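A look at the structure
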Amino acid sequence: MVSSFFSLFTCMAPAMEERRDAIEEAPVPRAESDRGVSVAVDGGGGSDRGATSEQSYGRVAVIGSGNWGSVAAKLIASNAAKHPMFHDEVRMWVYEETLPNGEKLSHTINQTNENCKYLPGIKLGVNVVADPDLENAVKEANMLVFVTPHQFVEGICKRLVGKIRPGAEAISLIKGMEVKMEGPCMISKLISDMLGINCCVLMGANIANEIAVEKFSEATVGYRQDKEVAQRWARLFGTSYFLVSVVQDVEGVELCGTLKNVVAIAAGLVDGLDMGNNTKAAIMRIGLREMRAFSKLLFSSVRDSTFFESCGVADLITTCLGGRNRRVAEAFARSGGKRSFDELEAELLQGQKLQGVSTAKEVYEVLSNRGWQGLFPLFTTVHEICVGELPPTAIVEYSEHSPNVSIMEGFTQHYY
Ligand SMILES: NC(=O)c1ccc[n+]([C@@H]2O[C@H](COP(=O)([O-])OP(=O)(O)OC[C@H]3O[C@@H](n4cnc5c(N)ncnc54)[C@H](O)[C@@H]3O)[C@@H](O)[C@H]2O)c1
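Just so we're clear, the structure is a prediction, and the values are computed from it rather than from any experiment.

**A look at the overall build of the protein chain**
Helix and strand content of the protein chain: 15 helices and ten strands. When the 416 residues of the protein chain are sorted by exposure, 50% land in the buried category.

**Here's the deal with the site of the ligand**
Surveying the vicinity of the ligand reveals 24 residues, the closest of which are Gly-66, Asn-67, Trp-68, Tyr-95 and Ala-208. With three residues, the single largest contributor to the shell around the ligand is helix α2 (residues 67-82). Class assignment for the residues of the shell around the ligand results in ten nonpolar, eleven polar and three charged. The residue makeup of the shell around the ligand includes at least three contributed by each of domain 1 (2-248) and domain 2 (257-401).

**Some remarks on the pairing of strand β8 (residues 199-203)**
Counting buried positions over the five residues of β8 gives five, a clear majority of the element. With three bridges joining them, β8 and strand β9 (residues 217-222) adopt antiparallel strand pairing. If you follow Met-203 over to β9, its bridge partner there is Thr-220.

**Section: the UniProt feature "active site" (unreviewed entry) in the protein chain**
This chain's UniProt record puts "active site" (unreviewed entry) on Lys-260. Take Lys-260: it is sitting in helix α9 (residues 250-272). Overall, the presence of 32 C-beta atoms within 10 Å leaves Lys-260 in the buried class. When residues no more than four places from it in sequence are discounted, the contact partners of Lys-260 are Met-291, Asp-315, Leu-316 and Thr-319.

**Quick look at the pairing of strand β5 (residues 169-172)**
Burial of β5 is two-sided: the residues Glu-169 and Ile-171 facing one way and the residues Ala-170 and Ser-172 facing the other way are all buried. Remark: the strand β4 (residues 143-146)/helix α5 (residues 153-160)/β5 crossover connection has right-handed handedness. Summarising the sheet, β5 and β8 pair through three bridges and their orientation is parallel. Directly across from Ala-170, in β8, lies its bridge partner Cys-199.

**Quick look at α2**
The end-to-end C-alpha distance of α2 is 24 Å, a good match for the 22 Å that 16 residues give at a rise of 1.5 Å each. Judged by how many residues are buried, α2 sits mostly within the fold: 15 of 16 residues are covered.

**Quick word on the packing of helix α12 (residues 324-334) against helix α13 (residues 341-349)**
The N-to-C vectors of α12 and α13 enclose an angle of 120°; their axes lie 10 Å apart at closest approach. Classified by the angle between their axes, α12 and α13 sit oblique to one another. As α12 runs across α13, the sense of the crossing is right-handed. Along its contact with α12, which presents Arg-324, Arg-327, Val-328, Ala-331 and Phe-332, the element α13 presents Phe-341, Leu-344, Glu-345, Leu-348 and Leu-349.

**Considerations on the packing of helix α10 (residues 277-298) against helix α11 (residues 310-322)**
Orientation of α10 relative to α11, taken along the N-to-C sense of each, is 140°, at an axis distance of 11 Å. If you check the angle between α10 and α11, you find them oblique. Here α10 and α11 pass one another in a crossing that is right-handed. Of the residues in α11, those in contact with Lys-280, Met-284, Gly-287 and Leu-288 of α10 are Val-313, Leu-316, Ile-317 and Cys-320. A breakdown of the residues in the contact of α10 with α11 according to their chemical character gives six nonpolar, one polar and one charged.

**Examining the nonpolar core**
Note on soluble globular proteins: their nonpolar side chains tend to be buried together. Val-60, Val-62, Ile-76, Val-145 and Val-263 are the most contacted members of the largest nonpolar core, which totals 118 residues. Looking at this core, the element that brings in the most residues is α9, giving 13 residues. Taken together, domain 1 (2-248) and domain 2 (257-401) each give at least three residues to this core, which thus spans both. With sequence-adjacent residues up to four places away left out, Val-145 is seen in contact with Val-60, Ala-61, Val-62, Ile-63, Ala-72, Ile-76, Ile-171 and Leu-173.

**Let's talk about helix α15 (residues 377-386)**
With eight of its ten residues buried, α15 lies for the most part within the structure. Buried within α15 are the following residues: Leu-378, Phe-379, Thr-380, Thr-381, Val-382, His-383, Ile-385 and Cys-386. For α15, the elements touching its buried residues are α9, α10, α13 and α14 (356-370). Count one or two residues on from α15 and you reach Gly-388, which has phi positive near 85°.

**Digging into the UniProt feature "binding site: substrate" (unreviewed entry) in the protein chain**
The UniProt record marks Lys-175, Arg-324 and Asn-325 with the feature "binding site: substrate" (unreviewed entry), using the residue numbering of this structure. Across 151 residues, the annotated set stays spatially compact, with a maximum C-alpha separation of 13.2 Å. Position of Lys-175 among the secondary structure elements: in the loop between β5 and β6 (177-180). Residue Lys-175 is classed as buried on the basis of its 26 C-beta neighbours within 10 Å. Residue position: Arg-324 is located in helix α12. Those residues in contact with Arg-324 that lie beyond four places of it in its chain are Leu-349, Gln-352 and Leu-354.

**Focus: unusual backbone geometry**
For Asn-113, which is not a glycine, the phi torsion comes out positive at approximately 65°. Within the secondary structure, Asn-113 is located in the loop between α3 (105-112) and β3 (128-131). Assessed through the 18 C-beta atoms surrounding it within 10 Å, Asn-113 is described here as partly exposed. Residue Asp-274 is not a glycine yet carries a positive backbone phi of 55°. For Asp-274, the location among the structural elements is in the loop between α9 and α10.

Conventions and cut-offs
- Residues numbered from 1 in each chain as written.
- Predicted model: local features only at pLDDT ≥ 70, side-chain atom pairs only at ≥ 80, totals over all residues.
- Helix = DSSP H or I, 4+ residues; strand = E, 2+ residues; numbered from the N terminus.
- Buried ≥ 20, exposed ≤ 12 C-beta atoms within 10 Å, placed from the backbone.
- Near = placed C-beta within 6 Å.
- Nonpolar A, V, L, I, M, F, W, Y, C, P; charged D, E, K, R; others polar.
- Domains from an automatic or database assignment.
- Pairing = 2+ DSSP bridges.
- UniProt positions renumbered as here; feature names shortened; annotations may be inferred.
- Contact = placed C-beta atoms within 7 Å.
- Right-handed = clockwise from strand over helix to strand, strands pointing away.
- Expected span 1.5 Å × (residues − 1).
- Axes fitted to C-alpha atoms, helices over the stretch in contact; angles between N-to-C directions.
- Parallel < 35°, antiparallel > 145°, perpendicular 65-115°, else oblique.
- Left-handed = near helix turned anticlockwise from the far one by under 90°.
- Core = buried A, V, L, I, M, F, W, Y, C linked by C-beta atoms within 7 Å.

Structure follows, in structure tokens:
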């Protein structure tokens, strides 16, 4: 099954020639337009229309239907509708909610082809089928796309144990990590371990609302061993406005996506303090340095070159300029730290979830378990501000806490 799928993929993606440098692939090129997808499906009944051989192509389930989950479904649906290597229908699992008008969210998505709560005004593609039943959504899929807030993944995986197709592959678009007794656990590893399947990651400078209106951007797929699988994911997501590269550094890619949310909190605090662009750039530079040092201390396999991919410096920049973590942290600083992040998240994000505060806590747990706080003053300070141990102004008062050992590659001694 898998070999016939891969041969088809290989012959349809001749531009993906191997390069010998650390950045392994040119972005996936797209000659055709991605617009005008028009594939009739049955709106919820599980159409097999367009199927050639059940065994020969990728059948996709998107697990999650928030802001990014909905955009991911749109990207995937445009490719699934036109490439014979993918089944037309894309199942999207919806964590069911009742809307203010009394209708179920999944029903409304199937009626209107829009996610009116998390991505209003954007057509997802008529081949997207919203499904509130998790087991049903995944039962025929051999390509599982995980895209929920990270705090829900473990519970979702528990429900999926023994329920997924043999030979299925997964990819995680989720930013965050879990801290267990035995140490930190990346979300892709959690999925792999719990479900016994391979799991790649896709991260990048990807503010969902901008990709939803087809503004050009890039993303990075990180893989562990199987490059063909990574290329298949790149083909599933890549469009003329969404260029996807692949790199063999799953931990590096995932840690970039995870840790930049902590730096974005710092950037938002700086904005809330009206500190200006120089300060914000300094925070971003220090943050990037801590991201790299932390990643390499946890996983020696992490590559420096990964930080120059979309998942690295590009995602850091976009998140510090425009993301939700920045926005809520700015409001927190403007309140002088008097309003809680939970309260501001509920008020400003209307159901969307903040990742930076919980990630800062998870990172802090790793730092304190390993005695590394002194090496990571920015990460440490962000957490201590988030939990009210320090005022927001502490974000620019930590020069006296600068790391005093050279274990952090790229550490610059400041003189003043
Ligand atoms: N939004 C972006 O711009 C963006 C971009 C890149 C990556 N991401 C990452 O994608 C992941 C998903 O984010 P999103 O933007 O799609 O979601 P979101 O924050 O917009 O929405 C929250 C989602 O969680 C669901 N949910 C609420 N309670 C739940 C529960 N108990 N169990 C399961 N699901 C529940 C909601 O139904 C909703 O679909 C996150 O890890 C995020 O960091 C987001």
